[in-house]
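Residues per chain, in single letters:
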Amino acid sequence: MQEDITGKVAKALIELTGTGDVYKVVEADEILERLPEGDRPDKQTLGTAIRDLRGLGCIEVKYFTPDEYCLLVTRRAAELFRPEPREEDPLPEKEAAPAPSKSEREEKTPPPRLLQKVLLAAFFGGMLGGAIVAAIAILLQKFAL
């Protein structure tokens, strides 16, 4: 029973706040309004469900009172609890982006010779940097001691 309520609370929080990097203040009554009429828990059960979601890593809570929560819904919650689309809020259909043609894909990938040159330059740059650091360390040890 508690797992069922936790999932419904998670879906309601995703609908209310979305997932992002911003903490949002949500009132307990707003969350309870989003839950189905027959399954509405009291505020104490809602607090327990929110603590369970925090334990699962689905939400991060900055502070909470019995009537108000400042929280952040993580992407993990969106992966675990995907809300069903509501009938009164139909989502606009997204147009599929056309697949890139072969010439467009070829333009994005650099030629193999360029990749070899870049890798060699990075390798020798790392070797040169290591040699300089070693030389400085030897000089410091020789003159400092």
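That block above? That's the structure.
Residues numbered from 1 in each chain as written. Predicted model: local features only at pLDDT ≥ 70, side-chain atom pairs only at ≥ 80, totals over all residues. Heavy atoms only, no water.

Student: Can you explain the packing of aromatic side chains? Please cite residues and give values.
Tutor: This model, assessed by the stated rule, comprises two aromatic pairs. Considering the side-chain rings of Phe64 and Tyr69, the 6.2 Å spacing of their centres and the 20° angle between planes classify their relative orientation as stacked. With a centroid separation of 5.3 Å and an interplanar angle of 70°, the aromatic rings of Phe123 and Phe124 are classed as edge-to-face. Directly above the aromatic system of Tyr23 lies the positively charged group of Lys62, at a separation of 4.6 Å from the ring centroid. (Phe/Tyr/Trp six-rings, centres within 6.5 Å; stacked < 30°, edge-to-face > 60°. Lys NZ or Arg CZ within 6 Å of the ring centre and 35° of its normal.)

Student: Lay out the sheet that holds strand S1 (residues 24–27) in plain terms, naming residues and giving numbers.
Tutor: Where strands meet in a sheet, backbone hydrogen bonds hold them as pairs that are either parallel or antiparallel. Strand order across the open sheet formed by three strands is S1-S3-S2, with antiparallel pairing between neighbours. Bordering the open sheet on either side are S1 and strand S2 (59–64), each of which pairs with just one other strand. Neighbour-to-neighbour, the strand axes of this sheet turn through a mean angle of 35°, independent of strand direction. Two strands pair when backbone bridges link them, and S1 and strand S3 (residues 68–73) are joined in this way by four bridges, in the antiparallel orientation. Across the sheet, Glu27 pairs through a bridge with Glu68, a residue of S3. Along the sheet, helix H3 (residues 43–56) makes contact with S2 and S3, crossing S2 at roughly 135°. (Pairing = 2+ DSSP bridges. Helix = DSSP H or I, 4+ residues; strand = E, 2+ residues; numbered from the N terminus. Axes fitted to C-alpha atoms, helices over the stretch in contact; angles between N-to-C directions. Contact = heavy atoms within 4.5 Å.)

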